[in-house]
Amino acid sequence: MPRAVIVGAGIGGLTAALALKREGWDVSVFERASELREVGAGITLWTNAVKVLRKLGVGGAIEAAAAPIRTSELRSWRGKVLVRTDFGALGDKLGAPTIGVHRADLQAALADAVGRENVQFGMTCVGYTPDDKGASALFAEGDVVRGQILVGADGIRSLVRNQLLGPEPPRYAGYTAWRGVGLIERPEVPVGVTVLAMGRGSQIGMLPIGGGRTYWFATANVPPGGAAGPDGHKAELLKRFADWWPAFPAAVEATPDAAILRNDICDRPPVRKWVAGRVALLGDAAHPTTPNLGQGACQAIESAHVLAQSLKRADTADAGLLAYEQSRFDRTAQITNESWQLGKVFAYENPLKCWFRDRMFGLLGGLSVRHTEKIVGVEV
Ligand SMILES: Cc1cc2nc3c(=O)[nH]c(=O)nc-3n(C[C@H](O)[C@H](O)[C@H](O)COP(=O)(O)OP(=O)(O)OC[C@H]3O[C@@H](n4cnc5c(N)ncnc54)[C@H](O)[C@@H]3O)c2cc1C
């Protein structure tokens, strides 16, 4: 049985391991963290990703732990509804829903399906050595592990990518995001509804993810590299968003300060090369994307499935990896570019531009459903 060495046990690496395992590969996933960390945040998985997860046999487990999204509300920062979209009808039409899920539930379901014995923790990849018929991953712990293919699914600051393409820092989008999950007994954002509120230089989002939990995020245009102030993230957010729609501060209040995450939002301009010989990049290592379309992980999931299918169809692993690279570039590049542009619009600070933006979103509601359908209606 051919062996696939996968670096990184994030959503991309675990989905790739599952997709390859189902096609007869012996999979070994190596993760530098000491365990599958429970990332304290939720995630939106659109129809396109849910369809892949169903094909991989994990749709049931993941959908059972998640909350379906039927309605999307775009609001002003004061909470006024600008446009309400029926994503339930879109999901019904396309044959799979959009869901909100806790990242820990998603990763646990993927790891169970991959087989926990196939995931090794505390293994930091420091480089690889290619050969004609495979590649060996080198680990800081001293181990060398060879596979017929090596998949670099080690995130936006991928070491495998650094070796394959040369070092280059990610591109800062100009805004930082805070994220958290609050347990709210009587949420103002009910199950089935996702809310995005836009203000001047900031946006907030809220989304029930099942089990009485509400996932929220907020962004602000600030210089990169910032850290929590002396009073912590929670106090800063409550101050920053004090006069916004009250549902948001309530969700922040329901989140322990230590569980709030802060990340600079970055991507990389699309590049065509993700493959060299038997080494391939996948997920954020290949096509990191700002979160404005909620498609980063969805694209990692798509790429994982396409990788396994391309290898299955090709006569050789080399040809399969090249076919994977070619078939994924246009779609992921379009999403990366569009998400970047949308992020610029969400980050407007000028009051006139913000006023115009809010009016336009209200007017173009119907168009935006059709556009969303073009993105999430693609089946890989
Ligand atoms: C604020 C925010 C909100 C988002 N919201 C959404 C959303 O709603 N929907 C959506 O689809 N996407 C969303 N995304 C994007 C999504 O989170 C990413 O695209 C996705 O997690 C990428 O998965 P990955 O497995 O490729 O990379 P990662 O999740 O970064 O995983 C990489 C793994 O590799 C490990 N690793 C790194 N280096 C090494 C090494 N040298 N050796 C061994 N292991 C290593 C890391 O520890 C990590 O576990 C969001 C992103 C952000 C920042």
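The rules behind the values
- Residues numbered from 1 in each chain as written.
- Predicted model: local features only at pLDDT ≥ 70, side-chain atom pairs only at ≥ 80, totals over all residues.
- Helix = DSSP H or I, 4+ residues; strand = E, 2+ residues; numbered from the N terminus.
- Rg over C-alpha atoms; globule rule 2.2 N^0.38 Å.
- Buried ≥ 20, exposed ≤ 12 C-beta atoms within 10 Å, placed from the backbone.
- Core = buried A, V, L, I, M, F, W, Y, C linked by C-beta atoms within 7 Å.
- Near = placed C-beta within 6 Å.
- Nonpolar A, V, L, I, M, F, W, Y, C, P; charged D, E, K, R; others polar.
- Pairing = 2+ DSSP bridges.
- Contact = placed C-beta atoms within 7 Å.
- Axes fitted to C-alpha atoms, helices over the stretch in contact; angles between N-to-C directions.
- Expected span 1.5 Å × (residues − 1).
- Parallel < 35°, antiparallel > 145°, perpendicular 65-115°, else oblique.
- Left-handed = near helix turned anticlockwise from the far one by under 90°.

Asks: Looking at this model, I keep getting lost on the overall build of the chain. Mind explaining?
Replies: When its secondary structure is counted, the chain shows 12 helices and 19 strands. What you see for the chain is a C-alpha radius of gyration of 21 Å, in line with the 21 Å of a compact globule of 380 residues. Across its three principal axes, the chain shows a C-alpha extent of roughly 60 × 50 × 35 Å. Looking at the chain as a whole, 45% of its 380 residues are labelled buried.

Asks: Which parts of the structure should I look at to understand the nonpolar core?
Replies: Across soluble globular proteins, you tend to see nonpolar side chains buried next to one another. Core analysis: the largest hydrophobic core is formed by 96 residues, its most contacted members being I6, A16, V151, A280, L282 and L307. With nine residues, the single largest contributor to this core is helix α9 (residues 296-313).

Asks: Would you explain the site of the ligand in this entry?
Replies: Close contacts around the ligand come from 33 residues, with G8, G10, G155, G283 and G296 the closest. Counting residues per element, the ones that place at least two in the shell around the ligand are α1 (11-22), β3 (42-45), β13 (171-183) and α9. By residue number, the principal contributor to the shell around the ligand is α9, which donates four residues. In terms of residue class, the shell around the ligand is built from 16 nonpolar, 12 polar and five charged.

Asks: Can you help me understand the pairing of strand β10 (residues 134-139) in this one?
Replies: For a regular strand, the rule is simple: side chains alternate between the two faces of the sheet. As judged from the six bridges shared by strand β9 (residues 125-131) and β10, these two strands associate in the antiparallel manner. In the sheet register, T129 faces β10, and the bridge partner there is S136. Count of turn residues in the β9/β10 antiparallel hairpin: two residues. Bridge analysis of β10 against strand β11 (residues 144-147) gives four bridges, and the strand direction is antiparallel.

Asks: I keep staring at the sheet that holds strand β2 (residues 26-30) and nothing clicks. Help me out?
Replies: Two orientations exist for strands paired in a sheet by backbone hydrogen bonds: parallel and antiparallel. Within the open sheet, the six strands sit side by side as β8-β2-β1-β12-β19-β18. Their pairing is mixed. One side of each edge strand has no neighbouring strand; the edge strands of this open sheet are β8 (119-120) and β18 (275-276). Strand direction decides the pairing type here: strand β1 (residues 3-7) and strand β12 (residues 149-152), joined by four bridges, are parallel. Looking across to β12, one finds that V7 is bridged to G152. On the sheet, α1 packs against β1, β2 and β12 and is oriented at approximately 170° with respect to β2.

Asks: Looking at this structure, I do not really get the pairing of strand β15 (residues 202-208). What am I missing?
Replies: Counting buried positions over the seven residues of β15 gives six, a clear majority of the element. In this sheet, β15 lies alongside strand β14 (residues 193-198) in antiparallel orientation, the contact comprising four bridges. Residue pairing across strands places M198 opposite Q203, the latter belonging to β15. Hairpin geometry of β14 and β15 is characterised by an intervening segment of three residues between the two adjacent antiparallel strands and by a positive phi of about 75° at G201. Sheet topology places β15 next to strand β16 (residues 213-220); seven bridges connect them, and they run antiparallel. Its bridge partner being in β16, S202 is matched across the sheet by A220. Hairpin remark: β15 followed by β16, antiparallel, with four residues in the connecting loop; positive phi at G210, about 95°.

Asks: I would appreciate a short explanation of helix α5 (residues 103-114) in the present structure.
Replies: Residues three or four positions apart in an α-helix share a direction because the helix packs 3.6 residues into each turn. An ideal rise of 1.5 Å per residue puts 16 Å on 12 residues; α5 measures up with 16 Å between its terminal C-alpha atoms. Buried within α5 we find R103, D105, L106, Q107, A109, L110 and V114. Considering only its buried residues, α5 is in contact with α1, β2, β3, α3 (59-65), β7 (98-102) and β8. At the C-terminal side of α5, G115 shows a positive phi close to 100°.

Asks: Sorry, what's going on with the packing of α1 against α9 here?
Replies: Relative orientation and spacing of two packed helices are given, respectively, by the angle between their axes and the distance between those axes. Where α1 meets α9, the closest approach of the two axes is 8 Å, and the angle between their N-to-C directions is 25°. It follows from the interaxial angle that α1 and α9 lie roughly parallel. α9 is crossed by α1, and the crossing has right-handed handedness. Counted together, I11, G12, T15, A16, A19, L20 and R22 of α1 and A297, A300, I301, A304, H305, L307 and A308 of α9 form the full contact between these two elements. Here the residues of the contact of α1 with α9 are counted per class, giving 10 nonpolar, three polar and one charged.

Just distances and angles here, no functional claims.
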